[in-house]
Amino acid sequence: MTVLGQTERFVMRWHYSKFEKSRYTTICRTLSRNFCDSNQNDMSYQRLKKMLATDEVVVIDVREPWELREYGSIPGSVNVPLGQLNVALQLNPEEFKERYGGDMPSHTESVVFTCLAGVRSKTAVDTAVSLGYSNVHHYAGGWQDWAKHEILQTKD
């Protein structure tokens, strides 16, 4: 191999590694902003209650139907089990309404995902973001937090 050939290979590797580092940095920033910074996606009980009162939000409960029957659900929420969410959010609105009994959110509409304690709803947020939904949140306390606050309100 000539000296020129070795130099060309070195330059190509240098450019490639610089490109990969830049690409890696961009991917990490995007993931950090969209998925890892959970505080920006968290929804409090008070904020959710206010948004529900003004119909500013679609609430999707990602628990299994038996869980809703056994424990209860947030009034007005639509039940789409987490295992069906990816497919459900790609249906046409009429089919979504027929299958799940509620209106399908648009990609820009405010959507709050909830579950029992806030674990599955985080996964639901990631799924929705990967499908192009831009205004998604998760109710970190889930049904357990909702029920606790609702019981406290009825005692007052």
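Refer to the structure printed above.
Sequence positions are assigned chain by chain, starting from 1 and proceeding in written order. Residue-level local features of this predicted model are given only where pLDDT is at least 70; pairs of side-chain atoms are given and counted only at 80 or more, and the full residue set underlies all totals for whole chains, interfaces and linings. Excluding hydrogens and water, the side-chain figures rest on all heavy atoms present in the structure.

## Some remarks on the overall build of the protein chain
Applicable threshold: The secondary structure listing takes helices from DSSP runs of H or I that are at least 4 residues long and strands from runs of E that are at least 2 residues long, numbered from the N terminus. Under the scheme applied here, a residue whose accessible area is under 20% of the maximum for its type counts as buried, over 50% as exposed, and between as partly exposed, the area being computed with a 1.4 Å probe on protein chains only. Surface exposure here means Shrake-Rupley accessible area, sampled with a 1.4 Å probe, where a residue is shielded only by the protein chains that are shown.
Broken down by element type, the protein chain carries seven helices and five strands. For the protein chain, the N- to C-terminal ordering of α and β elements is α-β-α-β-α-β-α-α-β-α-β-α. For the protein chain, buried positions account for 35% of its 156 residues. For the protein chain, the accessible area works out to roughly 9,900 Å², and carbon and sulfur atoms hold 55% of it.

## Focus on the pairing of strand S4 (residues 111–114)
Defined as follows: Any two strands with at least two DSSP-identified bridges between them are counted as paired.
On S4, burial covers both faces: Val111 and Phe113 on one face and Val112 and Thr114 on the other are all buried. Pairing geometry for strand S2 (residues 58–61) and S4, over four bridges, is parallel. Bridging across to S4, Val59 finds its partner in Val112. As judged from the three bridges shared by S4 and strand S5 (residues 136–139), these two strands associate in the parallel manner. Considered in S5, the bridge of Val112 is made with His137.

## A few points about the sheet that holds S5
The strand order across the open sheet built from five strands is S1-S5-S4-S2-S3, with neighbouring strands paired in parallel fashion. Since the sheet does not close on itself, it has two edges, and those belong to strand S1 (42–43) and strand S3 (78–79), each with one partner.

## What about the packing of aromatic side chains?
Definition in use: Between rings of Phe, Tyr and Trp, where Trp is taken as its six-membered ring, a pair exists when centres lie within 6.5 Å; planes separated by under 30 degrees are stacked, by over 60 edge-to-face, and by other angles tilted.
With the rule as written, the count across this model stands at three aromatic pairs. When the centroid spacing of 5.2 Å and the interplanar angle of 50 degrees are considered together, the rings of Phe96 and Tyr100 count as tilted. Here the residue Phe96 and the residue Tyr100 both occupy positions in helix H5 (residues 93–100), the gap between them amounting to four residues, near one helical turn. The exposure class assigned to Tyr100 is buried, which follows from its relative accessible area of 14%. Residues Tyr139 and Trp146 carry aromatic rings whose centres are separated by 6.5 Å and whose planes lie at 90 degrees to one another, so their mutual orientation is edge-to-face. Owing to a relative accessible area of 1%, Tyr139 belongs among the buried residues under this scheme. Owing to a relative accessible area of 4%, Trp146 belongs among the buried residues under this scheme.

## Concerning the side chain of Glu67
What counts here: What qualifies as a polar contact is a pair of N or O atoms within 3.5 Å, subject to a donor-acceptor requirement within protein and to the restriction that residues adjacent in sequence count only when both atoms come from side chains. Contact definition: two residues touch when any of their heavy atoms are within 4.5 Å.
Position of Glu67 relative to the elements: it lies in helix H3 (residues 65–71). Engagement of the side chain of Glu67 in a polar contact is seen with the backbone nitrogen of Glu64, the distance being 2.8 Å. Of note is the side chain of Glu67, whose polar atom sits 2.9 Å from the side chain of Arg120. Excluding anything up to four places from it in sequence, Glu67 contacts Gly72 and Arg120.

## Re the nonpolar core
For the record, the criterion: By nonpolar core is meant a set of buried Ala, Val, Leu, Ile, Met, Phe, Trp, Tyr and Cys residues that side-chain atoms within 4.5 Å join together.
Ranked by internal contacts, the top residues of the largest apolar core, which has 20 residues, are Ile60, Val80, Leu85, Phe96 and Phe113. Those elements that provide at least two residues to this core are S2, helix H4 (82–88), H5, S4 and helix H6 (120–130). Take this core: its biggest share by element is three residues, from H6. Those residues within four positions of Phe96 in sequence are excluded, and the remaining contacts are Val78, Val80, Ala88, Leu91, Gly101, Gly102, Asp103, Met104 and Pro105. Within the second largest apolar cluster, 12 residues are counted, among which are Tyr45, Leu48, Ile74 and Trp143.

## Overview of the pattern of salt bridges
Threshold: When a carboxyl oxygen of Asp or Glu is within 4 Å of a side-chain nitrogen of Lys or Arg, the pair counts as a salt bridge.
All told, the structure shown has six salt bridges when counted by the stated rule. Between Glu95 and Arg99 there is a salt bridge, with its nearest N and O atoms 3.1 Å apart. Of this pair, Glu95 and Arg99 both sit in helix H5, four residues apart, which is roughly one turn of the helix. Taking the relative accessible area as the measure of exposure, Glu95 reaches 30% and is therefore partly exposed. The closest approach of N and O atoms between Lys97 and Asp103, which form a salt bridge, is 2.9 Å.

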